[in-house]
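Residues per chain, in single letters:
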Amino acid sequence: MAKKNRLVQLKAPVQKNDEIEAQVVDLSYQGMGVVKVDHFPIFVLDALPDELVKIQITKVLKNYAFGRVLQRLQASPQRVELTDQVALSSGIAPLANLAYPAQLDFKTRQVEEVFKKQHLSVTVAPTIGMEDPTHYRNKAQVPVQMINGQLSTGFYRRGSHRLITTDSFYIQDEHVDQAVRVTRDILRSLGISAYDEDNKKGVVRHIMARWGYHSHQLMVVVVTRSAKLPQADRLVEELQSQLPQLTSVIQNINGAPTNVIMGAKNHVLWGQPAIEDELLGKRYVIGPNSFYQVNTQTTATVYQLAVQAAQLKPSDTVIDAYCGIGTIALTVADQVKQVYGVEVVPEAIKDAQHNAQLNHVQNVDFVTADAPEQMLAWSQAGLQPDVIFVDPPRKGLTPELIDASVSMQPEKIVYVSCNPATLARDAAQLAEQGYQIVNPVQPVDQFPQTLHVECVVTFVKS
């Protein structure tokens, strides 16, 4: 009888605590340097391509390992020396050690690679960057813990719930950082405790701050476990005295044992229930739970690119799938006959309808529904849009939404993507159904210093 074939278990060429010298040959999609020993990849924090490093192996798995730098024998000319390593160790800004032009090149290559994997021949334009790629985020949700007996704020170390305390988050607007610091210090002075997720005791879970880039309005949200926030009046008085641009103070209540940051219930402690901001000439109301793009400057660039790609006409009917609070729909409304928007989150649709009234826009119809189901319903009702905008979450489009969109036979589908991998996957499905990419794929650096990249792509019916 012939012997059964058996799988041979290959042994990793390194072991934990080994020390080796090696050349960094690449950068992983997680922003870690890649070292190879006999083709076996080792991922190393704070190591850049073309560097010669001495590393210690910290963890070995079946197909790869992790290591840490013991000594940098030859540094990359693209290295940026950081005075504060928290941006890397926490994962706030995993590319902060890489010169900004090299970050843009890295993101362009990322997009090129995912399309190659889908066997799609496309041109990828150079990634559009920012003049100042730091302190751009208009929103922060910062965890709170008791450390050495006092309420502290910071960011979790990569892959853990260990809080790294910090006063500056590098990529957040300085007004946001200031609001978080001031709120933390007031809570400390009032003796208010942080929530302990192990024993389910304590009060404050997170501090959130939102800043209107154009309006200069500031919102502070204190997320609590309990409905009662001790000394709330004193907290408001101190915030008002120390934050002159304060517009809104909200208590958000989240008593559930969950990793979800925000609860559904908000209580206005002082000021307005929302702040406003402006984007491409339109005003938007932004509440504590509203989804609003965190980089106002590049969002304007992305939307301008999407509108240019659509080549809209006054007679056009447009659909904005995943419309959120209506930003794309309201941006294009003045240029077309009719816009339909769909979003599954009821609160977002309420915001969208409010924003339409705020901007005196009457040719937009917003619907609360799951986007794939509503697209199918519109298709079955005989709606024939000229252009469909899609701006989905990171998981991309569903096959059902693609089928429904194609069945309506729009002239163009303009895809705004926050995940190149799912974009390329969806592009392959759209190509199978007769929609081809006609312009270069345009990456935009919506999130500098991080691994994320936004793309705008135009599909035209063949």
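A quick note: this is a predicted structure, and the numbers were derived from the prediction, not measured. (Residues numbered from 1 in each chain as written. Predicted model: local features only at pLDDT ≥ 70, side-chain atom pairs only at ≥ 80, totals over all residues. Heavy atoms only, no water.)

Student: I keep staring at the nonpolar core and nothing clicks. Help me out?
Tutor: Most often, soluble globular proteins keep nonpolar side chains buried together rather than apart. In this structure, Val-204, Leu-235, Leu-239 and Leu-243 are the most contacted members of the largest nonpolar core, which totals 43 residues. Counting only elements with at least two residues in this core, the list comes to α1 (86-89), α2 (100-117), β6 (139-147), α3 (174-189), β9 (204-211), β10 (218-224), α4 (232-242) and β11 (246-253). Of the residues forming this core, the biggest block, six residues, is contributed by α3. Here Leu-239 is in contact with Val-182, Thr-183, Ile-186, Val-220, Leu-246 and Val-249, once residues within four sequence places are set aside. Membership of the second largest hydrophobic core comes to 40 residues, among which are Cys-323, Val-336, Val-339 and Phe-389. (Core = buried A, V, L, I, M, F, W, Y, C linked by side-chain atoms within 4.5 Å. Buried < 20%, exposed > 50% of the residue type's maximum accessible area, 1.4 Å probe, protein only. Helix = DSSP H or I, 4+ residues; strand = E, 2+ residues; numbered from the N terminus. Contact = heavy atoms within 4.5 Å.)

Student: Would you take a moment to explain the environment of Val-387 for this structure?
Tutor: Take Val-387: it is sitting in strand β18 (residues 387-390). Judged by relative accessible area, Val-387 falls into the buried class, the value being 1%. When near neighbours in sequence (up to four residues on either side) are disregarded, Val-387 contacts Ala-310, Leu-312, Asp-316, Thr-317, Val-318, Ile-319, Pro-410, Lys-412 and Val-414.

Student: Help me understand helix α8 (residues 371-380) in this model?
Tutor: Every α-helical turn comprises 3.6 residues, leaving residues that sit three or four positions apart pointing alike. Among all positions in α8, only Ala-371, Pro-372, Gln-374, Met-375, Trp-378 and Ser-379 are buried. Taken around the axis of α8, the buried residues stretch over an arc of 165 degrees, which confines them to a single face. Along α8, the residues that are exposed and aim more than 90 degrees away from the buried face are Glu-373 and Gln-380. Check the buried side of α8 and you find it contacts β15 (317-321), β16 (338-343), β17 (364-368), β18 and α9 (399-407). A positive phi of about 90 degrees marks Gly-382, the residue just after α8. (Arc of directions from axis to C-beta.)

Student: Mind showing me how you'd approach the pairing of strand β3 (residues 40-44) here?
Tutor: Residues in a regular strand project their side chains so that they alternate between the two faces of the sheet. Most of β3 sits out of view: five of its five residues are buried. Covered by surrounding structure in β3 are Phe-40, Ile-42 and Val-44 together with Pro-41 and Phe-43, the residues of both alternating faces. The sheet contact formed by strand β2 (residues 33-37) and β3 spans five bridges and is antiparallel. Bridge pairing links Val-37 to Phe-40 in β3. Linking β2 to β3, which pair antiparallel, is a turn of two residues; within it Asp-38 sits at a positive phi near 50 degrees. (Pairing = 2+ DSSP bridges.)

Student: Even after reading the chapter, I still don't get the pairing of β10, so can you show me in this structure?
Tutor: Among the seven residues of β10, seven are classified as buried, and the element is accordingly described as predominantly covered. The two faces of β10 match: Leu-218, Val-220, Val-222 and Thr-224 on one face and Met-219, Val-221 and Val-223 on the other face are all buried. What sits between the antiparallel neighbours β9 and β10 is a turn of six residues, in which His-216 has the positive phi angle 60 degrees. Since β10 and β11 lie parallel, the crossover through α4 that links them has a hand, and here it is right-handed. (Right-handed = clockwise from strand over helix to strand, strands pointing away.)

Student: Can you walk me through helix α7 (residues 346-358) in this structure?
Tutor: With 13 residues, α7 extends 18 Å between its outermost C-alpha atoms, agreeing within 8% with the 18 Å of an ideal straight helix rising 1.5 Å per residue. Looking at α7, one finds that the buried residues are Ala-348, Ile-349, Asp-351, Ala-352, Asn-355, Ala-356 and Leu-358. In the core, the buried residues of α7 are packed alongside β13 (275-279), β14 (282-286), α6 (327-332), β16 and β17. Directly beyond the C-terminal end of α7, a positive phi value near 55 degrees is found at His-360. (Expected span 1.5 Å × (residues − 1).)

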